[in-house]
Amino acid sequence: MTPIPREFFARPSVQVAPDLLGCVLEHETAEGLVAVELTEVEAYAGQSDPASHAYRGRTARNAVMFGPPGHAYVYFTYGMHFCVNLVCQDADNASAVLLRAGRVIEGEELARARRARRTHKAGGDHDRAGQDSAGQDSAGQDSAGQDSASQDSASQDRAALATRDLARGPARLCQALDIDRSLDGADVCTAGSPLRVRRRQTGAGTNVRSGQRNIRSGPRVGVSAAADVPWRFWLDGDPTVSAYRPWVARRRKLVTP
DNA sequence: TTGCCGATCTTCT
DNA sequence: GAAGATCGGCAAA
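Given the structure is predicted, the values throughout are model-derived calculations rather than measurements.

Undergrad: Sorry if this is basic, but what is going on with the overall build of chain A here?
TA: A tally of helices and strands in chain A yields 5 helices and 8 strands. Element order for chain A, N to C, with α for helix and β for strand: α-β-β-β-β-β-α-α-α-α-β-β-β. By the burial criterion, 47% of the 257 residues in chain A qualify as buried. If you sum the accessible surface of chain A, you get close to 12600 Å²; carbon and sulfur atoms cover 49% of it.

Undergrad: Would you mind going over the nonpolar core with me for this structure?
TA: In globular proteins that are soluble, nonpolar side chains generally tend to be buried together. With 42 residues, the main nonpolar core has Phe 9, Leu 20, Leu 25, Leu 99, Ile 179 and Val 197 as its most contacted residues. Of the residues forming this core, the biggest block, 5 residues, is contributed by strand E2 (residues 32–44). Sequence-distant contacts of Leu 25, defined by excluding residues within four places in its chain, comprise Val 34, Ala 35, Val 36, Leu 38, Leu 99, Leu 173, Leu 177, Ile 179, Leu 195, Arg 196 and Val 197.

Undergrad: How should I be thinking about the protein's contact with DNA strand C in this particular structure?
TA: Around DNA strand C sit 22 residues in total, of which Tyr 75, His 81, Asn 85, Arg 172 and Arg 250 are the nearest. Within 4 Å of the protein, the contacting atoms of DNA strand C are drawn from sugar and phosphate to the extent of 45%. Note that a phosphate oxygen of DNA strand C is positioned 2.9 Å from one of the side-chain N or O atoms of His 53. Between DNA strand C and Arg 100 there is a distance of 3.3 Å, counted from a phosphate oxygen to a side-chain nitrogen or oxygen. Looking at the surface near DNA strand C, the elements that each hand over two or more residues are strand E4 (81–88), strand E5 (95–106) and helix H5 (170–177). Among the elements that make up the surface near DNA strand C, the one with the highest residue count is H5 (3 residues).

Undergrad: How do you make sense of the side chain of Thr 29 when you look at a structure like this?
TA: Looking at where Thr 29 falls in the secondary structure, it is placed in strand E1 (residues 24–29). Only 3.1 Å separates the side chain of Thr 29 from the backbone nitrogen of Glu 31, close enough to count as a polar contact. Setting aside anything within four residues of it in sequence, one finds Thr 29 in contact with Arg 114 and Asp 178.

Undergrad: Help me understand the environment of Asp 90, please; the structure alone is not making it clear to me.
TA: Note on placement: Asp 90 falls in the loop between E4 and E5. Looking at Asp 90, the relative accessible area reads 35%, which means it is partly exposed. Placed 17 residues apart in sequence, Asp 90 and Tyr 73 show a C-alpha to C-alpha distance of 14 Å.

Undergrad: Would you mind showing me how to read helix H1 (residues 13–20) here?
TA: Since there are 3.6 residues in each turn of an α-helix, residues three or four apart along the chain are aligned in direction. For H1, the set of buried residues is Ser 13, Val 16, Ala 17, Pro 18 and Leu 20. Within two residues after H1, Gly 22 carries a phi angle of roughly 90 degrees, on the positive side.

Undergrad: What is the right way to look at the pattern of salt bridges in this model?
TA: One side chain can pair with another of opposite charge once the charged atoms of both are near each other. Using the criterion set out here, one finds 20 salt bridges in the structure. In this structure, Glu 108 engages Arg 112 in a salt bridge whose closest nitrogen and oxygen atoms are separated by 2.5 Å. One end of the pair, Glu 108, and the other, Arg 112, are both in helix H2 (residues 108–123), 4 residues apart, so they sit about a helical turn from each other. For Arg 112, a relative accessible area of 8% corresponds to the buried category. Ionic pairing is found between Arg 181 and Asp 184, a salt bridge with its closest N-O pair at 3.4 Å.

Undergrad: Looking at this structure, I do not really get the pairing of E4. What am I missing?
TA: Regular strands show a simple pattern: their side chains alternate between the two faces of the sheet. Within E4, 7 of the 8 residues are buried, leaving the element largely enclosed by the surrounding structure. Two strands pair when backbone bridges link them, and strand E3 (residues 72–77) and E4 are joined in this way by 6 bridges, in the antiparallel orientation. Looking across to E4, one finds that Val 74 is bridged to Val 84. Connecting the antiparallel pair E3 and E4 is a turn made up of 3 residues, with Tyr 78 showing a positive phi of about 55 degrees. Pairing analysis gives 4 bridges linking E4 to E5, with the strands arranged antiparallel.

Undergrad: Even after reading the chapter, I still don't get the pairing of E5, so can you show me in this structure?
TA: Burial of E5 is extensive: 9 of the 12 residues sit out of reach of the surface. Of the strand pairs in this sheet, E2 and E5 are connected by 9 bridges, and their pairing is antiparallel. Its bridge partner lying in E5, Val 36 is registered against Val 104. The hairpin formed by E4 and E5 contains 6 residues between the paired strands, and Gln 89 there has a positive phi angle of roughly 55 degrees.

Parameters at a glance
- Residues numbered from 1 in each chain as written.
- Chains lettered and ligands numbered in written order.
- Predicted model: local features only at pLDDT ≥ 70, side-chain atom pairs only at ≥ 80, totals over all residues.
- Heavy atoms only, no water.
- Helix = DSSP H or I, 4+ residues; strand = E, 2+ residues; numbered from the N terminus.
- Buried < 20%, exposed > 50% of the residue type's maximum accessible area, 1.4 Å probe, protein only.
- Areas by Shrake-Rupley, 256 points an atom, 1.4 Å probe, with all protein chains shown as cover.
- Core = buried A, V, L, I, M, F, W, Y, C linked by side-chain atoms within 4.5 Å.
- Contact = heavy atoms within 4.5 Å.
- Near = heavy atom within 4 Å.
- Polar contact = N/O pair within 3.5 Å; in protein donor to acceptor, adjacent residues only side chain to side chain.
- Salt bridge = Lys/Arg side-chain N within 4 Å of Asp/Glu carboxyl O.
- Pairing = 2+ DSSP bridges.

Dropping the structure here:
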């Protein structure tokens, strides 16, 4: 399957974002391949966009945004989640498109197992989501050494996970695809790359955009700056699109004297 | 179904 | 030291 050419990403992120809807992001690992059809994205304009990570200039974290288009910018947030962007335009702009949600179209069982693994751990005693993923290959490590009781519990979680929730949300999408900081800077336009973006094809070999459904746009989720800019794009009526949450200030933790 | 809250740690001021 | 492009659990409606 041929990845999307780099010229596709060499445009302003606001133009690239809606065009990415219906395209497929796939990640090939030793465990197998998981492919997700993108249903929701957000555009970030770089140094001119106060909501962008690139707004305050280049840092070690966002360095990939200041590089060539067609590469993945993966960041770690809230102490436990990864999110993935695709870099657009050129190095001077540092613009990117955040991948917010998608529909798993290949490797659903593997995606379900990964999500159940995390979901199960999150509810248990020791959630290592931050540590076990940072720059390391965690594939298969969690299943080793588990007792039968927790395996039963994990399989129940797996069965209960709705298909539409597998990649519904930027952090869930990364979980389903097993994306972490080790993929920061990965080239998504090269056929040999483990992380690739391609157009979805029907059996007849024609490109489609999710049944030609309407694309809608609205304000971006969870951003405090430029919250009114309608640069979030999604496929109208798709159940895998994440719920809209406006930005709310975090409350300070109350410390009893 | 909705809304609140804690978890957890990197990044930046 | 505070905030953050989030998520899942739980209580209340």
